[in-house]
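# Overview (structure and organization)
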Amino acid sequence: MTTRPTELRRPRTVRSESYPYPEIAGAAPERAIWAGVAKRSRTAQGVLAERALLTEMGVLSDPVARKMVAPPWAAFMWFMRHWPFPTKPGSVTRAGLAARVSWYDAQVQRAIETGVQQIAVIGAGYDSRAWRFASSGVQFYELDLGITQRDKRRRAPAGGPTFVEADLWTQSAAPALRDGGLDRSRAALFILEGLTMYLTEDVVRRQLGDLAESSASKSLIAVDFSPPPEVGTAQDRRRMRLRAPAAAKSSSCSSTVGERQRSSRPRVGW
Ligand SMILES: C[S@@+](CC[C@H](N)C(=O)[O-])C[C@H]1O[C@@H](n2cnc3c(N)ncnc32)[C@H](O)[C@@H]1O
């Protein structure tokens, strides 16, 4: 993996209003919980702090992460490193997250090496790949809720992706990305890291289907899902139960990468 200097240009934000999913509008649990108190994504900052921590521990190499960590999460990092015992990188959750990040990094690296020049990170949070994998001719897009993107843009280094604001509960990612400049006639890699567990199966299927339908052949998707409750060791299952209702936020997951298909798996098209 290479870290390249960033091309200095102002990031762009595109707001997309198109292709609403009206029948599920208003069903978003996160939005309902925070009605009237819009906040940046807590889970995205949490994952960011973990990446920064794993970088300090020498497990990951994400020098951009620390720059975007908000003060409360910087305090969390300090706590994890110092008191009462320094945390170890080998905890199941932390090691799982490190594996997840490395796996997605490898997908991005491979896609770029094979000539894919459009990378769309959906539910991007504080993803740093637009900076870490910046390459000539490669355009990154990041889609997320506006509140998180605005916070990210205040913290992130110059350059980076084209920001596309959309709410996946009510909008389809495919046309939103197209409105943001993604060229549907050229292959793209779509990344959905740590996202599907915040949406219903119905929404995930529709988003994956729309992306398949409106993307060029040779496009790729990389996505992970929370494991079903019956898998893993007894200790894993106990830990998942204890963490409920936060279990859905688990970073242990099964990941999959697919290429756009015309006929097989027609329900979602990948
Ligand atoms: C756990 S974070 C993962 C962030 C990033 N992919 C990572 O792995 O570091 C989940 C992300 O999904 C985004 N997200 C959740 N619901 C969303 C929605 N309805 N529309 C757009 N983004 C959403 C959150 O704002 C958050 O940034």
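Look up: the structure comes first, before these words.
The rules we used
Residues numbered from 1 in each chain as written. Predicted model: local features only at pLDDT ≥ 70, side-chain atom pairs only at ≥ 80, totals over all residues. Helix = DSSP H or I, 4+ residues; strand = E, 2+ residues; numbered from the N terminus. Buried ≥ 20, exposed ≤ 12 C-beta atoms within 10 Å, placed from the backbone. Contact = placed C-beta atoms within 7 Å. Near = placed C-beta within 6 Å. Core = buried A, V, L, I, M, F, W, Y, C linked by C-beta atoms within 7 Å. Axes fitted to C-alpha atoms, helices over the stretch in contact; angles between N-to-C directions. Parallel < 35°, antiparallel > 145°, perpendicular 65-115°, else oblique. Pairing = 2+ DSSP bridges. Left-handed = near helix turned anticlockwise from the far one by under 90°. Nonpolar A, V, L, I, M, F, W, Y, C, P; charged D, E, K, R; others polar.

Each helix and strand counted, the chain has 10 helices and seven strands in total. A total of 270 residues make up the chain; the buried ones form 36% of that total. Of the contacts formed within the chain by residues at least 6 apart in sequence, a portion of 74% connects residues at least 24 apart.

Let us now look at unusual backbone geometry. One non-glycine residue, Lys-218, lies in positive phi territory at about 75°. Following the sequence through the fold, Lys-218 ends up in the loop between α9 (201-213) and β6 (220-225).

The next point concerns the site of the ligand. Surveying the vicinity of the ligand reveals 21 residues, the closest of which are Ser-41, Ala-44, Gly-123, Gly-125 and Leu-168. Looking at the shell around the ligand element by element, the count peaks at three residues for helix α2 (residues 42-56).

Burial of nonpolar side chains together is a common tendency in soluble globular proteins. Ranked by internal contacts, the top residues of the largest apolar core, which has 57 residues, are Leu-48, Ala-120, Ile-122, Leu-143, Leu-189 and Ile-191. Top element by residues in this core is α2. It accounts for seven residues. For Ile-191, the contacting residues outside a window of four places in its chain are Tyr-104, Ile-119, Ala-120, Val-121, Ile-122 and Ala-222.

Put simply, α2 and helix α5 (residues 92-113) touch, their axes get as near as 10 Å, and they point 90° apart. On the basis of their axis angle, the class for α2 and α5 is roughly perpendicular. Side by side, α2 and α5 meet where Val-47, Glu-50, Arg-51 and Leu-54 of the first sit next to Arg-94, Leu-97, Ala-98 and Val-101 of the second.

Successive side chains on a regular strand alternate, one facing one side of the sheet and the next facing the other. With five of five residues buried, strand β2 (residues 118-122) is to be regarded as a mostly interior element. Of the two faces of β2, the one carrying Gln-118, Ala-120 and Ile-122 and the one carrying Ile-119 and Val-121 are both buried. With five bridges joining them, β2 and strand β3 (residues 139-144) adopt parallel strand pairing. Bridging across to β3, Ile-119 finds its partner in Phe-140. Here β2 runs beside strand β5 (residues 189-192); their pairing, made up of three bridges, is parallel. From the neighbouring strand, Ile-119 faces β5, where its bridge partner is Leu-189.

Closest axis-to-axis distance for the α2/helix α4 (residues 71-82) pair is 10 Å, and the angle between their directions is 40°. The orientation of α2 with respect to α4, classified from their angle, is oblique. Where α2 crosses over α4, the two elements pack in a sense that is right-handed. Here α2 contributes Gln-45, Gly-46, Leu-48, Ala-49, Ala-52 and Leu-53 to the contact with α4, which in turn contributes Trp-73, Phe-76, Met-77 and Met-80. Class assignment of the residues belonging to the contact of α2 with α4 gives a composition of eight nonpolar, two polar and no charged.

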